[in-house]
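# Understanding the architecture of this molecule
Residues per chain, in single letters:
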Amino acid sequence: MSFEYVQIIMPVLGLILNAVTHITSMRIVFNLGVAASICLGFIAGFFSILIFEVSFLIYMHGSVKEFLSITIVNLISYSSLGFLYCNFVGLGISALRTRFLIEMDKSVGGITIERCIERYSPEEILARRTKRLINSGQIILKDGRYYICKSYLFVIAKIIKVMTLIVFGNKKVDL
Amino acid sequence: MKVLFYGLTLFCLAFFVHLAVWRYCIPNNRKKMLIQIFIGTLAIGILALWEKIHFITIFGLDSYVNLPEMIHLSLFFLSLTITYFVIYNAMVIGSVTNTIITCIMDTGLNGLDKHALEQRMRDELLLRIKCLINDKIIYDNSGRYFLTSKGILYLRIVRFYRKLMNYTDEIG
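Residues numbered from 1 in each chain as written. Chains lettered and ligands numbered in written order. Predicted model: local features only at pLDDT ≥ 70, side-chain atom pairs only at ≥ 80, totals over all residues. Heavy atoms only, no water.

At the junction of the two partners, chain A supplies 81 residues and chain B supplies 82 residues. In total, chain A and chain B occlude about 8,000 Å² of area from one another, counting both sides; carbon and sulfur atoms represent 70% of this. At the surface where chain A touches chain B, the tally comes to 4 salt bridges. Put simply, Glu 123 of chain A and Arg 122 of chain B hold a salt bridge, and the shortest N to O gap is 3.7 Å. Sheet topology places strand β2 (residues 145–148) of chain A next to strand β3 (residues 112–113) of chain B; 2 bridges connect them, and they run antiparallel. Among the inter-strand pairings, Arg 145 of chain A is bridged to a residue of β3 of chain B, identified as Asp 113 of chain B. (Contact = heavy atoms within 4.5 Å. Buried area = accessible area lost by both parts, 1.4 Å probe. Salt bridge = Lys/Arg side-chain N within 4 Å of Asp/Glu carboxyl O. Pairing = 2+ DSSP bridges. Helix = DSSP H or I, 4+ residues; strand = E, 2+ residues; numbered from the N terminus.)

Before going further, it helps to spend a moment on the pattern of salt bridges. Following the criterion strictly, the structure yields 12 salt bridges over all chains and no others. For Arg 97 of chain A, the salt bridge goes to Asp 135 of chain B, with nearest N and O atoms at 3.8 Å. Taken as a pair, Arg 97 of chain A in helix α4 (residues 96–106) and Asp 135 of chain B in the loop between α5 (114–134) and β4 (138–141) lie in two separate chains rather than in one. With relative accessibility at 16%, the residue Arg 97 of chain A sits in the buried group. A salt bridge links Glu 103 of chain A to Arg 119 of chain A, with the shortest nitrogen-to-oxygen separation between them at 3.1 Å. Taken together, the positions of Glu 103 of chain A in helix α4 and Arg 119 of chain A in helix α5 (residues 113–119) put the pair 16 residues apart, joining distant regions of the chain. Judged by its relative accessible area of 4%, Glu 103 of chain A is buried. (Buried < 20%, exposed > 50% of the residue type's maximum accessible area, 1.4 Å probe, protein only.)

Bringing the domain arrangement of chain A into the picture now. Parsing chain A into structural domains produces domain 1 (3–94) and domain 2 (97–168). For domain 1 of chain A versus domain 2 of chain A, the separation of C-alpha centres amounts to 29 Å. (Domains from an automatic or database assignment.)

Another point: the packing of helix α7 (residues 152–168) of chain A against helix α1 (residues 2–24) of chain B. Relative to each other, α7 of chain A and α1 of chain B sit at 70°, their axes nearing to 8 Å. Overall, the two elements α7 of chain A and α1 of chain B adopt an arrangement that is roughly perpendicular. For the pair formed by α7 of chain A and α1 of chain B, the contact residues are Leu 165, Ile 166, Val 167 and Phe 168 of chain A on the first element and Phe 15, His 18, Leu 19, Trp 22 and Arg 23 of chain B on the second. A class-by-class count of the residues in the contact of α7 of chain A with α1 of chain B yields 7 nonpolar, 1 polar and 1 charged. (Axes fitted to C-alpha atoms, helices over the stretch in contact; angles between N-to-C directions. Parallel < 35°, antiparallel > 145°, perpendicular 65-115°, else oblique. Nonpolar A, V, L, I, M, F, W, Y, C, P; charged D, E, K, R; others polar.)

Below, the discussion takes up a nonpolar patch on the surface. Residue and element names in this part refer to chain A. Together, Phe 3, Val 54, Ile 58, Tyr 59 and Met 60 make up a nonpolar patch on the protein surface, roughly 510 Å² of accessible area in all. Element by element, the count of residues in the nonpolar patch is highest for helix α2 (residues 34–60), at 4 residues. Position of Phe 3 relative to the elements: it lies in helix α1 (residues 3–28). The partly exposed category is assigned to Phe 3, whose relative accessible area is 31%. (Patch = residues over 30% accessible without salt bridge, like charges linked within 9 Å, V, L, I, M, F, W, Y side chains within 5 Å. Areas by Shrake-Rupley, 256 points an atom, 1.4 Å probe, with all protein chains shown as cover.)

Residues and elements named next belong to chain B. Here strand β5 (residues 144–147) shows a clear split, with Tyr 145 and Leu 147 buried on one side and none of Arg 144 and Phe 146 buried on the other. Pairing of β4 with β5, which is carried by 4 bridges, proceeds in the antiparallel orientation. If you follow Asn 141 over to β5, its bridge partner there is Arg 144. Hairpin connection of β4 to β5: 2 residues between the antiparallel strands, including Ser 142 at a positive phi of 50°.

Turning our attention to the state of the cysteines. Taken as a whole and judged by the stated rule, the model has 0 disulfides over all chains. Cysteine Cys 103 of chain B is unpaired, with the sulfur of Cys 149 of chain A as its nearest cysteine sulfur at 16 Å. A residue is classified by how much of its surface remains accessible, and Cys 103 of chain B, at 14% relative accessible area, is buried. (Disulfide = S-S within 2.5 Å.)

Grouped together as the largest cluster of nonpolar side chains are 38 residues, with contacts concentrated most on Phe 100, Leu 101 and Met 104 of chain A together with Ile 100, Leu 117 and Ile 138 of chain B. Of all the elements in the fold, those that place two or more residues in this core are α4, α5, α6 (122–135) and α7 of chain A together with α4 (96–107), α5, β5 and α6 (149–165) of chain B. With 6 residues, α4 of chain B is the single largest residue contributor to this core. The contacts of Leu 117 of chain B, once residues within four sequence positions are left out, are Leu 126 and Tyr 146 of chain A together with Ile 100, Cys 103, Ile 104 and Leu 112 of chain B. Grouped together as the second largest cluster of nonpolar side chains are 30 residues, Val 73 and Phe 168 of chain A together with Leu 4 and Leu 19 of chain B included. (Core = buried A, V, L, I, M, F, W, Y, C linked by side-chain atoms within 4.5 Å.)

Sheet strands associate in pairs through backbone hydrogen bonding, adopting either a parallel or an antiparallel arrangement. On the basis of which strands lie adjacent, the open sheet formed by 3 strands has the order β1(A)-β2(A)-β3(B) and antiparallel pairing. In this open sheet, the two edge strands, each paired with only one partner strand, are β1 (139–142) of chain A together with β3 of chain B. Across the sheet, α6 of chain A touches β1 and β2 of chain A, and the angle it forms with β1 of chain A is around 110°. Of the strands in this sheet, β1 and β2 of chain A together with β3 of chain B are in contact with α4 of chain B, which crosses β2 of chain A at around 90°.

A separate point is the environment of Gly 143 of chain B. Along the chain, the position of Gly 143 of chain B falls in the loop between β4 and β5. Here Gly 143 of chain B falls in the partly exposed class, since its relative accessible area comes to 38%. Setting aside residues no more than four positions away along its own chain, Gly 143 of chain B makes contact with Ile 111 and Thr 112 of chain A.

Right, let's talk about the side chain of Ser 77 of chain A for a bit. Looking at the element boundaries, Ser 77 of chain A is found in helix α3 (residues 64–91). Note on Ser 77 of chain A: relative accessible area 4%, which makes it buried. Look past the residues within four positions of Ser 77 of chain A in its chain and what remains in contact with it is Pro 11 of chain A together with Phe 76 and Ser 79 of chain B.

Structure, rendered in structure tokens:
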């Protein structure tokens, strides 16, 4: 196989290594949290690409300009795939829609909205999420009111808000 | 160098076309339109570069791309596009956590009352059911909701991956 084709599949190979590292770390290192194992997987994939690209530069005597551009392309592609993988893992851990689907799957003869809310109430949803957010220092609860802490989720929420303003302007966004 | 330059240029071009269309009038079938804009831009871009238009040289780059470069460029463009689709989805219907953070953030120093947030969660719940119907993951049969074959497949994949991760905590 030509070396150019190996370069093409590098982000995909990085993603496979990412997934393998993530799953292995979750299965073997039991007390490692989901977020930590995802980070570990991402780092493993990222550095494997970087090491491959540097060895390519050293052993194949490629040009530095070409090395830099291909490395940037592969690292951006890999980071995008890593982001997608992270979202995919999130679907099976905390996604509300997945929880609904499980409730629907459990119930014989379908489920009504009322029954769905009964099984997983807004109070329970809020309690679970706010507990996680408080524990990770994203928000604080004081006298029955929630306050924001300037953490990474705050930055992400701000970015999404700005992006929404850029794409949709002041138009109302509905489904 | 060509893959990086043309990949980013094509992605920016597709993004600006999407921005112009959305600013003019938000289409009814947004997902389909979004796919058409991005894939259309990639197809036209690749065709233009593949046709060996040698008189076009931008920043000293020859416009011609060979087969491996074309595949590399397409994968680069597609990975950026799919990531943007996920971000776009977050803009339309964000995660519950993002909704909570945004709601608290909007109240500033006053903070947000617990009950106001509970009411917002109720709305989020209904919004997600509407979203699942729109995506044809569930269907409504006289007020009762059932999984479609797409929904069953989705759930199977999620359950398989949870098993693979050895993750036993409840979802939600």
